[in-house]
Amino acid sequence: MTAVSHDLWRPTSGCDDDCLPAADEVPTAPVARRVLRLVAVAGMLLAGVGLVVLLPVLPARERQAAVRGWARATARAFGVRLVIRGRLPRRRALLVANHVSWLDILAVLAVAPTRMVAKREIRSWPVVGLLASALGTVFVDRSRPRALPATVGRVADTLRAGRSVAVFPEGTTWCAGDGAADCRPGGGFRPATFQAAIDTGSPVVPLRIAYRCEATGATTTAAAFLGADTLLRSVARVVTARELVVSVTITAALHPARDADRRLLARAAESAVHLLPTAGAVARARLRSVPTATPAVPVSTPVTGRELGLAA
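Computed from a predicted structure; not experimentally measured.

J.: Outline the overall build of the chain, supporting the account with residue identities and numerical values.
T.: Per the secondary structure count, the chain includes 9 helices and 8 strands. Of all 312 residues assigned to the chain, the portion counted as buried reaches 53%. The long-range fraction of contacts in the chain, counting pairs at least 24 apart against all pairs at least 6 apart in sequence, stands at 79%. Summed over all atoms, the accessible surface of the chain reaches about 14200 Å², with 57% contributed by carbon and sulfur.

Set out below in structure tokens:
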């Protein structure tokens with residue numbers, strides 16, 4: 001395996017408090033409604049504890065329906081309206097999405113209650129961590145980059161078993177809004193986990209996650225979870241915001257050949273999520289033009305440090 005630095009390798013986006021909305025930029029809900037939301041969220045957290053107990057004994061179809069229902073109801077409890085555009089393929093797939101907020105996890109589970117690749121810290125989050133563990137989440141220790149190629153292998157094993165996997169290949173959260181003048185609204189997709197899709201012949205389905213304020217019609221970073229921001233502070237912004245909408249757009253699936261280049265596959269998926277038509281067309285064309293005589297790249301192919309943005 002290619003040697004990587006022993007230092008901590010953590011993707012950084014450059015997004016910080018400057019990317020968050022000003023105090024009066026997002027319309028706020030009345031105090032009474034905020035209190036009701038907090039009560040509803042507490043109720044959904046308790047329901048989540050019960051769900052953790054039930055999941056191991058539920059059949060697969062009922063388990064998925066229960067998780068999807070819990071995720072959608074929890075989003076509603078926070079006062080967030082979920083909009084889903086498009087349909088997922090029936091077969092197993094690697095789902096890849098841009099990453100803005102902790103709410104992304106609820107949004108993805110509401111669309112596809114599947115296994116996820118997430119940073120190890122989520123395991124300690126109240127209820128969500130328990131539920132993630134019960135769902136078989138693949139946790140990534142971002143302080144141990146040398147262990148991450150094994151994570152790619154675990155993702156491939158899950159796909160081979162017929163189960164879909166969701167990952168945020170940007171490796172960290174981005175503002176995904178207008179943001180600061182010097183901040184890109186989205187990060188590059190790191191290619192490591194795409195190798196699992198290539199080796200298992202699984203389609204890659206890009207998911208585009210966006211947040212907007214329905215009252216103003218504008219994209220908002222009210223739900224963002226960035227930089228030194230705390231989870232409590234981010235949750236408070238969501239509970240306070242009025243008419244917050246999260247949309248999940250399911251774009252066309254990418255079907256990589258066994259000899260596809262994971263970097264080109266990641267580029268094509270990134271272009272579908274961030275609406276980069278020129279880059280996407282080039283990447284898709286190059287994917288189709290790879291000679292069939294080129295041998296498939298196995299999971300054991302060296303994965304470099306810059307490819308290891310696997311954590312949610």
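Further notes follow.
J.: A description of the side chain of arginine 92 should follow, citing residues and the corresponding values.
T.: Tracing the chain through its elements places arginine 92 in the loop between β1 (80–85) and β2 (94–97). Comment: no salt bridge for buried arginine 92; closest opposite-charge side chain is aspartate 157, at 10 Å. Residues within four places of arginine 92 in sequence aside, it is in contact with Leu159, Arg160, Gly162, Arg163, Ser164, Thr200, Gly201, Ser202 and Pro203.

J.: Which residues make up the pairing of β2, and what are the values?
T.: A regular strand places its side chains on the two faces of the sheet in alternate fashion. Burial along β2 is two-sided: Leu94 and Val96 facing one way and Leu95 and Ala97 facing the other are all buried. Of the pairings in the sheet, the one linking β2 to strand β5 (residues 165–167) comprises 3 bridges and is parallel in character. In the strand pairing of β5, valine 96 is matched with valine 167.

J.: Could you give an account of helix α2 (residues 60–77), naming the residues involved and the relevant values?
T.: Taking 1.5 Å of rise per residue, the 18 residues of α2 would be expected to cover 26 Å, and the 26 Å separating its terminal C-alpha atoms lies within 8% of that figure. Of all the positions in α2, only Val67, Trp70, Ala71, Ala73, Thr74, Ala75 and Ala77 are classed as buried. Tucked into the core, α2 has its buried residues touching α1 (31–54), β1, α3 (103–111) and α4 (128–134). The first or second residue beyond α2 is glycine 79, which carries a positive phi of 85°.

J.: Go over the nonpolar core with me, naming the residues and quoting the values.
T.: Core analysis: the biggest nonpolar cluster contains 60 residues, and Trp70, Phe78, Leu103, Leu207, Ile209 and Val238 have the highest contact counts within it. Broken down by element, this core gets its largest block of residues, 8 residues, from α3. In this structure, phenylalanine 78 is in contact with Arg37, Val41, Trp102, Leu106, Val235, Val238 and Val239, ignoring residues within four places of it in sequence.

J.: Mind laying out the pattern of salt bridges, listing which residues take part and the relevant values?
T.: Opposite charge on two side chains permits pairing when their charged atoms draw close. For the coordinates displayed, the defined rule picks out 5 salt bridges. Glutamate 214 is paired through a salt bridge with arginine 81; the nearest N and O atoms lie 2.5 Å apart. In this pair, glutamate 214 sits in the loop between β6 (204–213) and β7 (218–219) while arginine 81 sits in strand β1, placing the two residues 133 residues apart along the sequence. Taking the relative accessible area as the measure of exposure, glutamate 214 reaches 36% and is therefore partly exposed. Salt-bridge contacts for aspartate 229 lead to arginine 233; the nearest nitrogen and oxygen are separated by 3.3 Å.

Criteria and cut-off values
Residues numbered from 1 in each chain as written. Predicted model: local features only at pLDDT ≥ 70, side-chain atom pairs only at ≥ 80, totals over all residues. Heavy atoms only, no water. Helix = DSSP H or I, 4+ residues; strand = E, 2+ residues; numbered from the N terminus. Buried < 20%, exposed > 50% of the residue type's maximum accessible area, 1.4 Å probe, protein only. Contact = heavy atoms within 4.5 Å. Areas by Shrake-Rupley, 256 points an atom, 1.4 Å probe, with all protein chains shown as cover. Lys, Arg positive; Asp, Glu negative; His and termini not counted. Salt bridge = Lys/Arg side-chain N within 4 Å of Asp/Glu carboxyl O. Pairing = 2+ DSSP bridges. Expected span 1.5 Å × (residues − 1). Core = buried A, V, L, I, M, F, W, Y, C linked by side-chain atoms within 4.5 Å.

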